[in-house]
Structures are given as C-alpha cells and as structure tokens.
Amino acid sequence: MLDINFVRQNPDEVIAMLQRRQMGKDTPKVNKLLELDSDRKQMVQRADELKALRNRVSREIADIRRTGQGSGEELIQQMKTVSDQISDLDAALATLETEMEEILLGLPNRLHDSVPAGRNADDNVLYKGPVEFIHQLDFPVRNHLDLGKSLGILDFERGAKISGAGFPVYVGKGARLERALINFMLDTHTSNHGYTEVFPPFMVNQESLRGTGQWPKFADQVYHIAEDGLYCIPTAEVPVTNLHRGEMLDAASLPIAYAAYSACFRREAGSYGKDTRGFLRTHQFNKVEMVRFTRPEKSYEALEEILGHAENLLCALKIPYRVITLCGGDISANAAKCYDIEVWSPAEDKYLEASSVSNFEDYQARRSNIRFKPDGKSKPEFVHTLNGSGLATSRLMVSLLEHYQTAEGKIKVPEVLQPYTGFDIIE
RNA sequence: GGAGGAUUAGCCUAAUUGGUAAGGCAGCAGUCUUGAAAACUGCCGGGUUUGCGCCCAUGGGGGUUCGAGUCCCUCAUCCUCCGCCA
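Residues numbered from 1 in each chain as written. Chains lettered and ligands numbered in written order. Predicted model: local features only at pLDDT ≥ 70, side-chain atom pairs only at ≥ 80, totals over all residues. Heavy atoms only, no water.

## Observations concerning the pattern of salt bridges
Part 1 of the argument: Within the structure shown, the criterion is met by 19 salt bridges.
Part 2 of the argument: Here Lys29 and Asp26 are joined by a salt bridge, their closest N and O atoms 3.9 Å apart.
Part 3 of the argument: For Asp26, a relative accessible area of 9% translates into the label buried.
Part 4 of the argument: Arg292 is the salt-bridge partner of Glu305, the closest N and O atoms lying 2.8 Å from each other. (Salt bridge = Lys/Arg side-chain N within 4 Å of Asp/Glu carboxyl O. Buried < 20%, exposed > 50% of the residue type's maximum accessible area, 1.4 Å probe, protein only.)

Below is the structure:
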C-alpha cells in the first residue's frame, strides 16, 4: 500500500510509476483518490469541531450535576442534536474512507530506479549468467514426464483421480528425492545462510492475504474454505511475513531472516493451455521460501544477499540457470524490484522460472503494520520486507531430472542430495 | 459444543453509583561526573496544526447515553472447567 501522504505530495511520480508498469489506464484512480482525500480532510475538520463542542459541554454537564446546580437538561437536549450530526458525519466518513482504501489497496508499489523499462516479459533484462555446469547429454534427451513415468516416481494420472489435474503424486524414490531437495535447501539456509526455520500453517485468514498483497488483487487465484473463512496459502511468504503483522519490532532484532518450507496452492485460473504439462504448472507444489524484515536503508543489500542464497543452491546442485531483472511492465504489483532465477530445461529447450526474489520496501509493511523504532526518541517507521524462493521444487525437479538423466533412462542423484536420499541412482 | 474469567501504550499495571485514561519499567535527551552508575529534569500511542490547541485511541465490530475502560450485543484470542472426538 502506498502512503496517502506520499500520493498527495507526489501525484506526478505515482502516475509516472503507473506508466512504467504499463498501467497508465489506472491514472484516473489517482485523481479520484486525491479528490476523496481532499473531501475527507474537510469532513474530518467539521466532525472534529462538533466533537470538541460535545466533549466540552459534556464536561460542563458533569460539573453542573456534581455541584448540584441543576440537571443540565437544556444542554443535554442540545448535545443530542450535536451527537446526531456527528453520527451522520462519521458514517459518511466511513464510507468515504472505505472507498479510499479500496483504491489505495489496488494501487501498485513504487518502482526502484534500477528497474528497467519495458512492456512485458520480452523486455526483461539479463542480470547474471547463464551459469553453466558440465552435463554430458550426448543422447536424445527425454522430458521429465517420460522419465517420471517410466521410472515410476511420478504419477499424474492417479493425482488427477484423487484430486484433479495439476496435483502430481510423488512415489517411492521420487517422493524421497522431493523430500531430500526440501531438506537440503532448508538445511543450507539455516546452517550456512543464517535463517531461522519456520514451519507455518498452510491456511491463513483474509487479513494475512491482505497484509502481503495477495488480497484483493489475486482473490480469484486462491483456494478458499468458505465455511471457516480460511484460504490455502499460495506461498509461505503469506504466513511468514504475517508472523509480525501489527507488531512493533525491536530495532536490535533486525534484520530478521526466516526460511520456511510449505506446500503452495494456486488455482491458476485462466492459465490453461500455457505450460500446463506435468510439473510446469500445478495447483499444489512445494517451495522453500526466504523472508526478511530489514531496516529501510538495508533492504537492497538484503535483496542481493537473498538472490545469492538462492543461487548457492543451484550451484551446489549443478543446475544451469540465469538471473533476469523484471522490467516495469512485467514486475508484480507488490514488488519495487524483482529478480527471477530461471533454470534451464533441455527437453523444453527453454528457461523455467524457479525463483522470484523481491524487495517490497514498505508496501507490505504498511498494509500489515509492521514497524520498528530506529532509536528511542524517533517515531516508528515501517520495516522493509523481502522474500525469495529458495527454491520452488517443481520446475527445479524438471530441470534436475532432465539434466541428471542417463542414456539408459536412469537418474543420477546430485552429489549434495545423496546424504538425504540414501541412494545415488534412480532406475 | 457449553460454563466462568481475562485482554489498557514497546512491556507491566491503576481508574468511586458511567463524568472523559493515573502510574511504573524499558528507551531517548539533558544536568551532575575524569568516565560510568545513581540521583534529578524533560521527552516517551496515532492524526492534525507554525504554535496554543483540537480530534482519535482501553483486543475487533456494533449498541445504549449529553457522556462508555466501566452497561448491553457480537466476534477473536488466552486461561480454568465440562462435554465430544482423531
């Protein structure tokens, strides 16, 4: 959420940001917001004057009664009218503020200056890589679906039977490999990268979705358990960032770094026909997520660190990847800056997004009211929040299976995973 | 699911029959000191204002009232007990 004070003082900058994001058509929203803001100010003034009057006279009534000078009946009658006026004004204000909040919640975040200009994904800019590792694939490569099926480690058909399309089942060594990946990633983050492990709930309430910005914008992409008012998390970012919702963090505790595994649930409504085969797009997948809370001046430093932590995993696994900087037209509304890490899929013959590393600056912190006091006398400030996948297993598994396949259709297990799997080959 | 109790600022704790939130700790600044501690003084929820001031704020949301921390309804969370159950 943007600061209404910032919008009021820098409307041109906000409108320029919308244009950089290819959202120029939302410009009227900004003007409407400023109009409402101005109306609000006048109404608040009038209401405050009436409230001041009521408070003063109420104290007079109390004095009159205490000293036995009378009942104050005349004043009470006058204040009845005043109170009615206040009620009307407050009701009108509440309507107006709701309208303002709806607009404000719908406006995207500011963009960092370093975010490249561009209309869509084609305009994203290569930041690092490609980072290659030696893999001998001097035979016709098979894709992850073929490999998974022939080795009996992935079962999409039964997944479709028990749940629906997009709910894969891992079986035997496939299940073990998936669990090994998750454990390897979590162990690396906690042991080598300084993160505190969190195992969060997989369902959250609507306030949490709102806090991280998935609500209301992505309401149609989230699984909803209507009876209990709960939502399946689309990413661990939601429960983990909301751990500190409404809190005043101790400045000495910053930066806070959490790593969390969670299953992630996404309806993927409207994306059928696009990368839907096998693991490329599923309704449920596994992901280890890194989440950070930092002082504002440290957040861009943290962004590079998180990116580095995600890259370390791919280097250890020896899976080729590249890093791109998302351009203004492709970056998500919540983020001020975002890197995507893409892994190479030899069978698909293209890069697949396996991680997104973002700095949200104070956008989420303002929505979820996460603050700290820089020092004793200064006012509370919003922290900056960041997160990065480290990593999502589904696309990673695609790349892993394909890169580590042998000419005989077996899968070698990457060396760093062997302590976790207990075997070095899937056949 | 049922009964009772609780929720006040970063933390802890007060508030007559309803009369408009009192303190303490921590923190920050200053005085004193070679330095530190102690002591003393000031600041110490949010908004608005050049300022005085004004408004809002007692878990969330409603209601009664001229006026609600206080009375009523409802929801959430925690504690105690009862019931049910993996």
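## Section: the sheet that holds strand S14 (residues 371-372)
Part 1 of the argument: Read across the sheet, three strands follow the order S8-S14-S15 without closing on themselves; strand pairing throughout is mixed. Lying at the two open borders of the sheet, with one neighbouring strand each, are strand S8 (248-249) and strand S15 (381-382).
Part 2 of the argument: Direction of pairing for S8 relative to S14: parallel, over a ladder of two bridges. Across the sheet, residue Met248 finds its bridge partner in S14, namely Arg371. (Pairing = 2+ DSSP bridges. Helix = DSSP H or I, 4+ residues; strand = E, 2+ residues; numbered from the N terminus.)

## Here's the deal with the domain arrangement of chain A
Part 1 of the argument: For chain A, the domain assignment lists domain 1 (4-106) and domain 2 (121-426).
Part 2 of the argument: The interface of domain 1 with domain 2 comprises five residues on the first partner and ten residues on the second.
Part 3 of the argument: When domain 1 packs against domain 2, close to 600 Å² is buried across both sides, 44% of that on carbon and sulfur atoms.
Part 4 of the argument: Of all residues in domain 1, Arg20, Arg21 and Leu105 bury the most surface against domain 2, accounting for 76% of the area lost on that side.
Part 5 of the argument: Put simply, domain 1 and domain 2 have one salt bridge between them.
Part 6 of the argument: A salt bridge links Arg210 to Glu101, with the shortest nitrogen-to-oxygen separation between them at 3.7 Å. (Domains from an automatic or database assignment. Contact = heavy atoms within 4.5 Å. Buried area = accessible area lost by both parts, 1.4 Å probe.)

## Description of the protein's contact with RNA strand B
Part 1 of the argument: Residues in close proximity to RNA strand B total 22 residues, the closest being Asp48, Ala52, Ser58, Lys80 and Ser83.
Part 2 of the argument: In RNA strand B, the atoms that sit within 4 Å of the protein are 72% sugar and phosphate, with bases accounting for the remainder.
Part 3 of the argument: Between RNA strand B and Asp48 there is a distance of 2.6 Å, counted from a sugar or linking oxygen to a side-chain nitrogen or oxygen.
Part 4 of the argument: Between RNA strand B and Arg59 there is a distance of 3.2 Å, counted from a sugar or linking oxygen to a side-chain nitrogen or oxygen.
Part 5 of the argument: If one sorts the elements of the surface near RNA strand B by residue count, helix H3 (residues 27-66) sits on top with twelve residues.
Part 6 of the argument: Classifying every residue of the surface near RNA strand B gives seven nonpolar, five polar and ten charged. (Near = heavy atom within 4 Å. Polar contact = N/O pair within 3.5 Å; in protein donor to acceptor, adjacent residues only side chain to side chain. Nonpolar A, V, L, I, M, F, W, Y, C, P; charged D, E, K, R; others polar.)

## Observations concerning the sheet that holds strand S5 (residues 203-204)
Part 1 of the argument: As summarised here, the arrangement of the three strands in space is S5-S7-S6, forming an open sheet in which the pairing is antiparallel. Here the strands that pair on one side only, and so sit at the sheet edges, are S5 and strand S6 (224-225).
Part 2 of the argument: Sheet topology note: the S5/strand S7 (residues 230-232) ladder contains two bridges and is antiparallel. Looking at the pairing, Val204 lines up with Tyr231 of S7.

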